[in-house]
Amino acid sequence: MSAFVLAIGFWWWALLEMSYVGWSKFPQPEIGRTIPHEVKGIVVYISPKDAEFGRRLKWTMIVSGALMAICLVFSGELSKMLNPPKPPLPPEY
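Residues numbered from 1 in each chain as written. Predicted model: local features only at pLDDT ≥ 70, side-chain atom pairs only at ≥ 80, totals over all residues. Heavy atoms only, no water.

> I'd love a proper account of the overall build of the protein, names of residues and values included.
The helix and strand inventory of the protein stands at 3 helices and 2 strands. When its helices and strands are written in sequence order, the protein yields α-β-β-α-α. Dimensions of the protein along its principal axes, counting C-alpha atoms only, are 80 × 25 × 15 Å. Relative to its full complement of 93 residues, the protein shows a buried share of 19%. Considering only residue pairs separated by 6 or more positions, the protein has 35% of its internal contacts joining residues 24 or more positions apart. Here the protein holds 9 positive side-chain charges and 7 negative ones, and the gap between their average locations is 3 Å. (Helix = DSSP H or I, 4+ residues; strand = E, 2+ residues; numbered from the N terminus. Buried < 20%, exposed > 50% of the residue type's maximum accessible area, 1.4 Å probe, protein only. Contact = heavy atoms within 4.5 Å. Lys, Arg positive; Asp, Glu negative; His and termini not counted. Charge placed at Lys NZ, Arg CZ, Asp CG, Glu CD.)

Structure representation (structure tokens):
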């Protein structure tokens, strides 16, 4: 479940970052976009709600990724992925 949350969070974050590229490069206080945000080397202005949502989304991805890594370590799946079983040797004649 943690991997699913991480994947959805990353997808959503990427979509937000792609949409920010087209936003105004100047503050727009009349619609609330006053906080500078750098995306792909461009500084655009977002609203405080967008900034807070971005912070929450990043923390959600960090926590779900850490939880996924912990689950992989304790279940033993991580060692299986890093050290796959070797195929048996061919029979000698």
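> Could you give me a rundown of the packing of aromatic side chains, with the residues and numbers involved?
Here the structure, examined in full by the defined rule, presents 3 aromatic pairs. Ring geometry for Tyr20 versus Trp23: centroids 4.9 Å apart, planes at 65°, classification edge-to-face. Assessed through its relative accessible area of 3%, Tyr20 is described here as buried. Directly above the ring of Trp23 sits Arg33, whose terminal nitrogen or CZ lies 3.7 Å from the centroid. (Phe/Tyr/Trp six-rings, centres within 6.5 Å; stacked < 30°, edge-to-face > 60°. Lys NZ or Arg CZ within 6 Å of the ring centre and 35° of its normal.)

> Tell me about the pattern of salt bridges, and name the residues and values.
What the rule picks out here adds up to 2 salt bridges. Ionic pairing is found between Arg55 and Glu52, a salt bridge with its closest N-O pair at 3.0 Å. Here Glu52 and Arg55 lie together in helix H2 (residues 48-75), a separation of 3 residues that amounts to about one turn. Notably, a salt bridge pairs Arg56 with Glu52, separated by 3.1 Å at the nearest N-O pair. Of this pair, Arg56 and Glu52 are both found in helix H2, 4 residues apart, which corresponds to roughly one turn of the helix. We classify Arg56 as exposed; its relative accessible area is 56%. (Salt bridge = Lys/Arg side-chain N within 4 Å of Asp/Glu carboxyl O.)

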